[in-house]
Amino acid sequence: MYKEKDISIDFLGIHLENPFVLSAAPPTDELEIAYDGLKAGWAGVILKTTSVENNPVLLKYPMMSSFGPQGRKVTGLGNIDLISQYHIDDIEKRVRILKEAFPEKMIGASIMGARKEDWQNLVWRLKKAGVDLIECSFSCPQGSMGEAPGRMLAQSIEATEKVTGWVKEAAEDTPVLIKITPQVTDIVEVAHAVKRGGADGITASNTIPSLVGIDINTFEPYPSLAGKGGYSGLSGPAIKPLTLRTIAEIASNVDIVISGNGGAFSWRDAVEIMAVGASNVQFCTLPMVYGFRTIRDLKSGLAHYLMDMGFDSPMDIIGKAIQNIYSHDELPSPYTRAELIGEKCIGCGLCFDACNDGGHRAIAWDGNTRRPNIDEEKCVGCAMCMQVCPVDAIRMKEKIDDSLNYFVIRR
Amino acid sequence: MQTTLSREQALLEAERCLYCYDAPCEKACPSAVPVSDFIYSIKTGNLKGAMEIIVEANPLIDICGILCPAFCQDVCTRKQIDSTVRIRALHRYIMENTDMEENLEIPEATKEKVAIVGGGPAGLACARELRMMGYRPYIFEKKKIGGIPAQEVSSARFSEGRADREIGFIKKHFAIDVINKDVDSIDELANGYAAVFISTGLADEQDLGIPREALEGVYKAREILRDIKDGRTSKAGKRVGVIGGGNVAIEVASALKAENPDRDVEVIYRRGMKEIKAFPDEIEEANELGVTFQFMAIPKEIRGTDKVEGIVVTRAHLGEPDESGRRQPEPVPDSDFFIPLDTVVIAVGQKADKVFPGIQRKENGLISVDENMMTSVKGVFAGGDIVRGASTIVECASDGKKAAEKIAKYIEGSVGNV
């Protein structure tokens, strides 16, 4: 009944019907679940990280904990998950089954090894099974094996470059992604190491080491395993700004394909992540919270956005925002003032509080009319009032070189 | 009937609060309850802090959480986005999930004795505030302490337990003593009390002023309400007409319908739906119970020989607005009609009784007070319905609270004593 917009992309030579891929995580750890995800419309899967170790992976439960206000409890989601409990023997079989069922979709797999032979063995076996892409987890918050035991492999520049080299040597023409952590001193240096190691792309980035919360009555950390807890990998909307910065820094400095991961919860988030340089976007927390059905709005939201903006393909978005990102000393200094959009104001007075106690006392309050009055003399244009306004009735009027610009919140 | 919120519902509802600066809800509340502050405390999970904020603001806060007309909700800023925050339900949620007794700290009662005549909302509020300042309040009450909420509001709307909880709380902690005595002259209190606060409310009910009001089967609304509240079967029959359009009329109609769902209960009102004075919540409740309404009907005469057989009413037409701003009903000529009834309940207003000789009153019988709430007799203060005329619990409690401050200043010598 309505026009269908083509939102397919080319990702490292792989055709994706849309830019949305299920990341290496619980939604891809069972064959039936991954199958259902693909059936629901996700463009591809990266099967949860497997290894060749003979030691069983001992997962511990409860595994999940979250934080956020009532009604939006999963603003941040923490997990103490490890790699898959399924051995490469199982994963090989799954790649074959899924590839046969969904020949048009991307079937990727994530791996983790200790020694060079392990990494390369994993690659060879997956290649033989027909995998489209290999992702290497250098960044499980619970620690890597081998080169950097106890900490994350991607926290070591030398190890990152060396192991990337091993994997790419075995993978040959099969695309390789290295999944990194933002928890490093210099993300650009890590990306350079991945590039030098010969990987095709970088997955930026994994969950972020965190401590989700403490029960203030019992002092048990979240999640509590019979009273004891530890550090979780944090995902969800809470980490999106960190992901944006990680990707933007890599895209600005290193010529490498990026798969965006971490904090995308809607098509808007996905557009933002692509705008700072990602070529596609991986999801995990969103389907874990609301299920695979979320793909429908992701696809339709993106399609409408592209049509409204006049873009041909999602690939047109990639890196669009990079040219506008500058260091602080390079930023311009426009004459900026808050401006009230009178007809939108509902008179809650939150802008007054924000300016009076945390700004520049540039807003006066008229208790009779219940309206704020912005004093242009005192206003420096910090935009704090705009942040607290529940109905977006404040915009920032910016003047520079006789041109006028408005900083507004568009939803 | 209002529902009790679960913890999850309360947290979700609290999140809807914008936490307005200079919040209109607080300004609309006669007791100036810091609404946005207590809701903020719900958001952070600090229920005890929320309880302290509201209990300190209003001495009859628990009762208000259920019976207050919620002026705050009418002005909620959130309404401009979608709908008002359910402030009263949040308020009630706190009271149901906290203990007013916890961490209570009351100063020594070392100061003068003050007599409070009338143990309703205004009197109880005054007692609590005086006691918190170290005075020794004695409450004189001829019936059951707690005023209209305890004596007349139906148990279905406001359970005995809830009434007893808060009234008992005030009685236990804030009144030095409650004396079960009918005081009708200030002279009885001349000795030993540094000041007197009269808060006797409106004891009498107004008549309709039409023929045969004394007939068997004609009752006043509040006597019916008291009967039901005290657990007695009301004297009403099978076909009841309630005359009036105020909160008491709706209340008695609901109580009679709830008492016997087979009984026909019709509210007979001179004006239209728009002019009705009762609060929308109460009308909705009456509707749900099955109370019916006869609008635009002016009572002309009650018919019957030994007992009520019905009422003759005249069809009304609404004319010019009166001083209340509502359009005045005018009779339509030759439009009388008869409504067969076996019971007529009159709920057309309350009036002051004629006790306390020597205290100056207005024409309508209400006590006159100055800006310090003091009557024509030095040291005798008054507040609540006996000064305001029929009003709400929250307004009366607010009066009691203000009167306590004035009384304290008077005793200290800075008000009305120079």
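Every value quoted in this text rests on a predicted model; they were computed, and no experiment measured them. (Residues numbered from 1 in each chain as written. Chains lettered and ligands numbered in written order. Predicted model: local features only at pLDDT ≥ 70, side-chain atom pairs only at ≥ 80, totals over all residues. Heavy atoms only, no water.)

Another point: the packing of aromatic side chains. Applying the stated criterion across every chain yields a total of 15 aromatic pairs over all chains. Measuring from centroid to centroid gives 5.6 Å for Trp119 of chain A and Phe138 of chain A, while their planes differ by 70°, and the two rings are edge-to-face. With Trp119 of chain A in helix H3 (residues 116-129) and Phe138 of chain A in the loop between strand E8 (133-137) and helix H4 (157-171), the pair connects residues that are 19 residues apart, well separated along the chain. In this structure, Trp119 of chain A and Phe138 of chain A share a single accessibility class: buried. Each ring, one from Phe140 of chain B and one from Tyr193 of chain B, has its centre 6.0 Å from the other, and the planes form 75°; the classification is edge-to-face. (Phe/Tyr/Trp six-rings, centres within 6.5 Å; stacked < 30°, edge-to-face > 60°. Helix = DSSP H or I, 4+ residues; strand = E, 2+ residues; numbered from the N terminus. Buried < 20%, exposed > 50% of the residue type's maximum accessible area, 1.4 Å probe, protein only.)

Moving on, we come to the interface of chain B and chain A. With 16 residues of chain B at the contact, the number on the chain A side is 16 residues. Taken together, both faces of the contact between chain B and chain A bury some 1,200 Å²; the carbon and sulfur share is 62%. In this assembly, chain B and chain A are joined by 1 salt bridge. Between the two partners, chain B and chain A, sit 5 residue pairs in polar contact (both at pLDDT 80 or more). Among the elements of the structure, helix H1 (7-16) and helix H2 (24-28) of chain B are those that each provide at least two residues to the side of chain B that touches chain A. Per-class residue counts for the side of chain B that touches chain A are 9 nonpolar, 2 polar and 5 charged. (Contact = heavy atoms within 4.5 Å. Buried area = accessible area lost by both parts, 1.4 Å probe. Salt bridge = Lys/Arg side-chain N within 4 Å of Asp/Glu carboxyl O. Polar contact = N/O pair within 3.5 Å; in protein donor to acceptor, adjacent residues only side chain to side chain. Nonpolar A, V, L, I, M, F, W, Y, C, P; charged D, E, K, R; others polar.)

Annotation of chain A at the domain level lists domain 1 (9-324) and domain 2 (333-407). Here domain 1 of chain A and domain 2 of chain A have C-alpha centroids that lie 40 Å from each other. (Domains from an automatic or database assignment.)

The next subject is the packing of helix H1 (residues 31-40) of chain A against helix H2 (residues 88-101) of chain A. Residues and elements named next belong to chain A. One way to put it is that H1 packs onto H2 with a least axis distance of 11 Å and a crossing angle of 25°. Between H1 and H2, the interaxial angle falls into the category roughly parallel. The handedness of the crossing between H1 and H2 comes out as right-handed. Note on element contacts: H2 touches H1 through Arg94, Ile97, Leu98 and Ala101, opposite Leu31, Ala34, Tyr35 and Leu38. Grouping the amino acids of the contact of H1 with H2 by side-chain chemistry returns 7 nonpolar, no polar and 1 charged. (Axes fitted to C-alpha atoms, helices over the stretch in contact; angles between N-to-C directions. Parallel < 35°, antiparallel > 145°, perpendicular 65-115°, else oblique. Left-handed = near helix turned anticlockwise from the far one by under 90°.)

A separate point is the pattern of salt bridges. All names here are of chain B. Per the stated rule, a full pass over the model turns up 45 salt bridges over all chains. A salt bridge links Asp230 to Arg232; the shortest N-O distance between them is 3.5 Å. Taking the relative accessible area as the measure of exposure, Asp230 reaches 44% and is therefore partly exposed. The exposure class of Arg232 is partly exposed, given its relative accessible area of 46%. When the shortest N-O distance is used, the salt bridge between Asp322 and Arg271 registers 3.2 Å. Here Asp322 is found in the loop between strand E11 (308-321) and strand E12 (327-340), whereas its partner Arg271 is found in the loop between strand E8 (264-268) and helix H13 (280-289), with 51 residues between them in sequence. Overall, the relative accessible area of 3% leaves Arg271 in the buried class.

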